[in-house]
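Single-letter residue listing:
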Amino acid sequence: MKKAVFLDRDGTLIFDEGYISDPGKVVLIPGVADALKRLSGAGFLLVVVSNQSGIGRGYFSEESSRAVNSRMERLLAEKSVRLDGIYCCPHSPEEKCRCRKPGPGLLLKAAAELGIDLSRSAMLGDKESDAEAGLSAGCRCNLRLSLQGQAVRSAFPVVRSLPEAAESILDFFS
Ligand SMILES: [Mg+2]
Ligand SMILES: [Zn+2]
């Protein structure tokens, strides 16, 4: 069984412009590529788990969401980072699906498909619901990312950058 770091997409790996649907607007957050390289170097799979309710709300198509993912993957590949999976929830909150975070559905699906031991895995995202999804799926290290530097109220440990998150995750499992 493998270990993994589950990563939120918008506001964690790429800048969150609010319902991103234009691949041309995808910008990696500085420090992301090096941090991901450290984690994969330590044997963690890198798995993106993303709520894309803009699809269910009719703001954009599943295709444009996929194009955004592809663009992000290409930008990461240019920095020699390869993602092991991208799992998206396309539903609106009203659909009451099992995959929308803070539900654990996306993580459970990835774990089943990729052979991941959740108890050796971590979840990182910029919203409380990201860390909650990790906890609910059985990840033991669940971190809340706050890039703005302002105080954030969280039931989870708060990290200020992707490099700091990588450090915390490696420390936690060492
Ligand atoms: Mg986010
Ligand atoms: Zn869903």
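Chains are numbered independently. Their residues run from 1 in the order of the written sequence. Here every chain gets a letter starting at A, and every ligand a number starting at 1, in the order they are written. Per-residue local features are limited, in this predicted model, to residues with pLDDT of at least 70; the limit for side-chain atom pairs, both in listing and counting, is 80 or more; totals at the level of whole chains, interfaces and linings are taken over all residues. As a rule here, side-chain values come from all non-hydrogen atoms in the structure, and water together with hydrogens is ignored.

Trainee: I would appreciate a short explanation of the coordination of the magnesium ion (ligand 1) in the present structure.
Mentor: Octahedral six-donor coordination of a metal ideally yields angles of 90 or 180 degrees, compared with 109.5 degrees for tetrahedral four-donor coordination. For Na, K and Ca the donor cutoff is 3.2 Å, while for all other metals N, O and S atoms count as donors only within 2.8 Å; water does not appear among the atoms, so some sites may look incomplete. All of the protein donors around the magnesium ion (ligand 1) are D8 (OD), D10 (O) and D126 (OD); their distances to the metal are 2.1 to 2.2 Å. Within one chain, the residues serving as donors to the magnesium ion (ligand 1) are arranged as D-x1-D-x115-D. Neither D8 nor D10 differs from the other in exposure class; each is buried. Relative accessible area decides the class of each residue, using a 1.4 Å probe on protein chains only: under 20% of the type maximum gives buried, over 50% gives exposed, and in between gives partly exposed.

Trainee: Can you walk me through helix α5 (residues 128-137) in this structure?
Mentor: Within an α-helix, residues lying three or four positions from one another point in the same direction, as the helix has 3.6 residues per turn. Every buried residue of α5 is accounted for by E128, D130, A131, A133, G134 and A137. In this fold, the buried residues of α5 make contact with α4 (105-114), β4 (122-125) and β5 (141-145). Helix and strand definitions here come from DSSP, where helices need a minimum of 4 consecutive H or I residues and strands a minimum of 2 consecutive E residues; each element is numbered from the N-terminal end. We call two residues contacting when some pair of their heavy atoms lies within 4.5 Å.

Trainee: Could you clarify how one ought to interpret the packing of aromatic side chains in this entry?
Mentor: For any pair of aromatic rings, the description rests on two quantities: the centre-to-centre distance and the angle between the ring planes. Only Phe, Tyr and Trp rings are paired, with Trp represented by its six-membered ring, and only when their centres lie within 6.5 Å; those with planes under 30 degrees apart are stacked, over 60 edge-to-face, the remainder tilted. Taken as a whole and judged by the stated rule, the model has three aromatic pairs. Between Y19 and Y59, the aromatic rings sit 4.9 Å apart at their centres with planes inclined by 90°, giving edge-to-face as the arrangement. Residue Y19 is found in the loop between β1 (3-7) and α1 (32-41), and its partner Y59 is found in the loop between α2 (53-56) and α3 (62-78); the two are separated by 40 residues along the sequence. A relative accessible area of 41% means that Y19 is categorised as partly exposed. With centroids separated by 5.9 Å and ring planes inclined at 55°, the aromatic side chains of F44 and F173 adopt a geometry described as tilted. Within this pair, whereas F44 is found in strand β2 (residues 44-51), its partner F173 is found in the segment after α6 (162-172), the two being separated by 129 residues in sequence. Each residue in the set F44, F172 and F173 is aromatic and connected to the rest through ring pairs, giving one cluster.

Trainee: When you look at the sheet that holds β5 in this model, what are you seeing that I'm missing?
Mentor: Across a sheet, paired strands are connected by hydrogen bonds in the backbone, their directions being either parallel or antiparallel. Two strands pair under a simple rule: DSSP has to find at least two bridges between them. Spatially, β3-β2-β1-β4-β5-β6 is the arrangement adopted by the six strands of the open sheet, whose pairing is parallel. In the strand order of this sheet, the two ends are held by β3 (85-89) and β6 (158-159), each with one partner. Strand direction decides the pairing type here: β1 and β4, joined by three bridges, are parallel. Pairing of F6 across the sheet is with M123, part of β4.

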